[in-house]
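Commentary on secondary and tertiary structure
One letter stands for each residue in the lines below.
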Amino acid sequence: MQDDTFRVKFWGVRGSLPVSGEQFLRYGGNTPCIEVRCGAEVLIFDAGSGLREAGLSLMSEGVSEFDVFFTHTHYDHIIGLPYFKPIYRCSSAVRFWSGHLHGKMSTAEMINEFMRPPWFPVGPGICQASLDTVDFRPGETLSPRKDVTVRTMSLVHPGGCVGYRVDWGGRAVALIYDHEHEPGILDPELLDFIAGADLMVYDCTYLESEMAAYRGYGHSTGIHGSRLAMAAGIPRLAMFHHDPSRNDAALAAMEQEVQAFFAGAFAARDHQVIDL
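Here we summarise the structure given alongside this text. Just so we're clear, the structure is a prediction, and the values are computed from it rather than from any experiment.

Overview of helix H6 (residues 248-261)
For H6, which comprises 14 residues, the first-to-last C-alpha distance of 20 Å matches the rise-based estimate of 20 Å (1.5 Å per residue) to within 8%. Listed in full, the buried residues belonging to H6 are Asp248, Leu251, Met254, Glu255 and Val258. Down the axis of H6, the sector holding all buried residues measures 120°, keeping them to one side. Turned more than 90 degrees off the buried face of H6, the exposed positions are Ala249, Gln256 and Ala260. Where H6 is buried, its residues touch helix H5 (222-232), strand E12 (237-240) and strand E13 (265-267). You can read the cap of H6 off the contacts: a side-chain oxygen lies 3.2 Å from the backbone nitrogen of Ala249, and it is on Asn247.

In C-alpha cells:
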C-alpha cells in the first residue's frame, strides 16, 4: 500500500540560539530544524540544535538516507550538524544541499570550514557515512527524490538565505526564513513562490512594534506573514524562528494577536507534527 503521508515535523523553532528552562517548555528551545516527510522520503531543512534529536529519532525508525538542505549557515542553523549521529554511521548516506553562497563557497567548503578544529574537535574526515554535497543557484528547481520537487528562491537576510517550497502529491509546504520584508509591500516574487501552498512556515521573529528597532537584521513578523498567506491563498501559517528572549507567555500572547488578524496562524512548537 502506497504511503501518501505528507508531514511536517518541527525539531527546532527558535532563532539565534537555543534556550531552556521552565519558561520555554511549551514552544521549546531548539534552533531551526524541520523534517518534511513525503511518503517514505525524508527531507531535513537546516541543521540547528534540533537536528541532534531528529537524527536519533529517524535512525530508530530505520531511516538511512538523508537529504539535508541549508537555508544559510549562521550559527543557529548549523550548530547541530556535528551532533547528527547518522554522519558517523557507515550504514547512512547523507546528502547536503546549499545555494545561498553560490559562486562564493561550495557546500563542501562550508562544512569543512565550520566542522573542524579549533571550532570542533574533529573534521568531517572522521565521518563513516557516505557523504555527498550538492551546490545550486537560488531560483533553481531541485529533484532530490522521486516525484519530490523542491523550488528555491533568494530571501532577504544578511549574507543571503534560501527559501524552499516542497511540492509532492499535489500538496505543498513553503519554508520562508530567515527573511526581512519591506514595510507595506507584498513581494510579488515571493507571492508567486508561495501561491497555493497548504502550509507556510514563516520568519516571525519580531512584533510589528519592534521592526523599526531591528531594521536590517533580516527578520519579519507574524502580521506580515499573515498578509502574505491571505494574499497567496494559504490556509495555515506556522510562526517560526522565535526570538530567544520570548518565553512561553510572550509567545502565547503573540500567537493570540496574530490569530486575531489571521485565524490560520499558529506559533510552531518543538516536536509539533502537521499533516498536509
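After that view of the structure, there is still more to cover.
Considering the pattern of salt bridges
In this structure the tally under the stated criterion is twelve salt bridges. The closest approach of N and O atoms between Asp67 and Arg145, which form a salt bridge, is 2.6 Å. You can see Asp67 sitting in strand E4 (residues 65-69) and its partner Arg145 sitting in strand E7 (residues 141-145), a full 78 residues away along the chain. What makes Asp67 buried here is its relative accessible area of 1%. A salt bridge links Glu180 to Arg215, with the nearest nitrogen and oxygen atoms 2.9 Å apart. Of this pair, Glu180 sits in the loop between strand E10 (171-176) and helix H4 (188-194) while Arg215 sits in the loop between strand E11 (199-203) and H5; the two residues are 35 residues apart in sequence, bridging distant segments of the chain. Look at Arg215 and you get partly exposed, because its relative accessible area is 36%. One continuous salt-bridge network, built from bridges that share partners, spans Glu41, Asp67, Arg95 and Arg145.

Quick notes on the pairing of strand E2 (residues 33-38)
Most of E2 is tucked away, with six of its six residues classed as buried. Burial along E2 is two-sided: the residues Cys33, Glu35 and Arg37 and Ile34, Val36 and Cys38 are all buried. Pairing between strand E1 (residues 6-12) and E2: six bridges, direction antiparallel. Counterpart to Phe6 in the pairing with E2 is Cys38. As defined by bridge partners, E2 adjoins strand E3 (residues 41-45) across five bridges and the pair is classed as antiparallel. Along E3, the bridge assignment pairs Arg37 with Val42. Here E2 folds back onto E3, and the loop between the two strands holds two residues, one of which, Gly39, carries a positive phi near 65°.

A look at the nonpolar core
Ranked by size, the top nonpolar core spans 30 residues in total, and within it Phe10, Ile34, Val36, Phe45, Val166, Val173 and Val201 carry the most contacts. Sorting the residues of this core by element identifies E1, E2, E3, strand E8 (148-155), strand E9 (161-168), E10, E11 and E12 as the ones contributing at least two each. Counting residues per element, this core draws most heavily on E9, which supplies four residues. Apart from the residues within four sequence positions on either side, Val36 is in contact with Phe6, Arg7, Val8, Glu41, Val42, Leu43, Phe45, Val166 and Val173.

Conventions and cut-offs
- Residues numbered from 1 in each chain as written.
- Predicted model: local features only at pLDDT ≥ 70, side-chain atom pairs only at ≥ 80, totals over all residues.
- Heavy atoms only, no water.
- Helix = DSSP H or I, 4+ residues; strand = E, 2+ residues; numbered from the N terminus.
- Expected span 1.5 Å × (residues − 1).
- Buried < 20%, exposed > 50% of the residue type's maximum accessible area, 1.4 Å probe, protein only.
- Arc of directions from axis to C-beta.
- Contact = heavy atoms within 4.5 Å.
- Polar contact = N/O pair within 3.5 Å; in protein donor to acceptor, adjacent residues only side chain to side chain.
- Salt bridge = Lys/Arg side-chain N within 4 Å of Asp/Glu carboxyl O.
- Pairing = 2+ DSSP bridges.
- Core = buried A, V, L, I, M, F, W, Y, C linked by side-chain atoms within 4.5 Å.

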